[in-house]
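# Fold and contact review
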Amino acid sequence: MKAERQLAAAALGDSEERIRGIVNTAVEGIITIDERGVVQSMNPAAEKLFGWSAEEMIGKNVSTLMPSPYREGHDGYLKNYEHTGKAKIIGIGREVVGQRKDGSVFPMDLSVGEGRLANGKLFTGIVRDITERKRMEKDILEISDREQQRIGQDLHDDLCQSLAGIELMSELLQEKLAATSNPESVQAARIAEHVQRAIEQTRMVARGLSPLETEATGLMAALGELAANTERLFHVRCWFVSEQPVNIAESAAATHLYRIAQEAINNAIKHGKATEITISLKEDDGQIILSITDNGAGFSPPQKTNEGMGLRIMKYRAGVIGGTLDVKAAGTQGTVVTCAFRQAPLTGI
């Protein structure tokens, strides 16, 4: 029996050593906490990622590794999970924001697993720095936006000018044919009318691809035109409301807000079958708030794996400018999409 116990103890020791070796050599950060949120262990990759040593972190609350407002809400989240069993991250995984010892923040993927011990629960978090991935995604999105703007400018400057030339030639031909009482003059007039409509539609498409003016209030003008075009194209009532001028310092941020509004309107018409849409833009204590409210079929919160591409892109655009995106039911009917972000204070010369 003694020999068997010794073999069992040796096997257990080997197993623990093997697990410790795997954890210590893992490229992802691995952190374990108890049900109170207190750090129990931290592997070398996590030490490197956050700038804290395991000795410094063990015994501290894991919220130390989070910036505000996530830090203040973490303990409440654990208590809520303990009482309700509803998890927002555990067993799911999501993108969150971490904070290093020096105070700098960075985006990361977080996956959390739950284990049960004899004296309580143990939560294991696996974290991965995704700063480079987010930077590449941002670059790709900005390249796409710039390409759309280029195409819009080409349509406006080149194609519209060519179509205008064709329209002028058709009008001249119509006048010559009419002067000789040629019945084909009616057909020439129709050609000129069709070309004129093509010019209007091309300008509208060009404006949608390159909607913003360079001045700080360009977003307001673009959203007003978006509302007017939505009414004209889709035959729904659409308003743009802004009680006071809202200045957006960065053109890239203005573009992201415009694209969010564009996508929200598209979803409201295509999926919600809305007949009334309101676009609202305001500034409240330095925070820019864009809201798109419709009277459509309403909103059912999707599972993360079932989110549509449009919703994911809207969330990503909000994240790029350091903002948040909230999609919820608008009372008893319809949906409201809200993007809020805080821009740097405007400074004079």
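Higher on the page you've got the structure.
Residues numbered from 1 in each chain as written. Predicted model: local features only at pLDDT ≥ 70, side-chain atom pairs only at ≥ 80, totals over all residues. Heavy atoms only, no water.

## Here we look at the pairing of strand β8 (residues 287–294)
Extensive coverage of β8 is indicated by the burial of six of its eight residues. Pairing geometry for strand β7 (residues 276–284) and β8, over eight bridges, is antiparallel. Opposite Ile277, over in β8, you have Asp294 as the bridge partner. In sequence, β7 turns back onto β8 through a hairpin of two residues, with Asp285 there showing a positive phi of about 55°. Direction of pairing for β8 relative to strand β10 (residues 335–342): antiparallel, over a ladder of seven bridges. Paired with Thr293 across the strands is Val336, a residue of β10. (Buried < 20%, exposed > 50% of the residue type's maximum accessible area, 1.4 Å probe, protein only. Helix = DSSP H or I, 4+ residues; strand = E, 2+ residues; numbered from the N terminus. Pairing = 2+ DSSP bridges.)

## Remarks on the nonpolar core
Grouped together as the largest cluster of nonpolar side chains are 36 residues, with contacts concentrated most on Leu223, Leu257, Ile277, Leu290 and Leu325. The set of elements that each furnish at least two residues to this core consists of α7 (218–234), α8 (251–270), β7, β8, α9 (309–320), β9 (324–329) and β10. The element best represented in this core is α8, accounting for 10 residues. Beyond its immediate stretch of four places on either side in the chain, Leu223 contacts Phe240, Tyr258, Ala261, Ile279, Leu281 and Leu290. (Core = buried A, V, L, I, M, F, W, Y, C linked by side-chain atoms within 4.5 Å. Contact = heavy atoms within 4.5 Å.)

## Overview of the sheet that holds strand β2 (residues 39–42)
Across the sheet, which stays open at both edges, the five strands sit in the order β2-β1-β5-β4-β3 with antiparallel pairing between neighbours. Each edge of the open sheet is held by one strand with a lone partner, namely β2 and β3 (94–99). Between one strand and the next, the sheet's axes are offset by a mean angle of 35°, whatever the strand orientation. (Axes fitted to C-alpha atoms, helices over the stretch in contact; angles between N-to-C directions.)

## Concerning the packing of aromatic side chains
Note on aromatic pairs: each is described by the distance of the centres and the angle between the planes. Inspection of every chain in the model, using the stated rule, returns one aromatic pair. The ring of Trp52 has Lys101 sitting right over it, with the charged end atom 5.2 Å from the ring centre. (Phe/Tyr/Trp six-rings, centres within 6.5 Å; stacked < 30°, edge-to-face > 60°. Lys NZ or Arg CZ within 6 Å of the ring centre and 35° of its normal.)

## Here's the deal with the layout of surface pockets
In this structure, the second largest pocket spans a volume of roughly 530 Å³. Surrounding the second largest pocket, 25 residues form its lining, Gly208, Leu226, Tyr258, Arg259 and Gln262 being those nearest its centre. Every element with two or more residues in the lining of the second largest pocket is listed here: α6 (184–209), α7, α8 and α9. Broken down by class, the residue content of the lining of the second largest pocket amounts to 14 nonpolar, six polar and five charged. (1 Å grid on protein atoms, 1.4 Å probe; cavity = no way out; pocket = protein on both sides within 12 Å on 5 of 7 lines; lining within 4 Å. Points joined across faces, edges and corners; volume = space filled by probe spheres on them. Nonpolar A, V, L, I, M, F, W, Y, C, P; charged D, E, K, R; others polar.)

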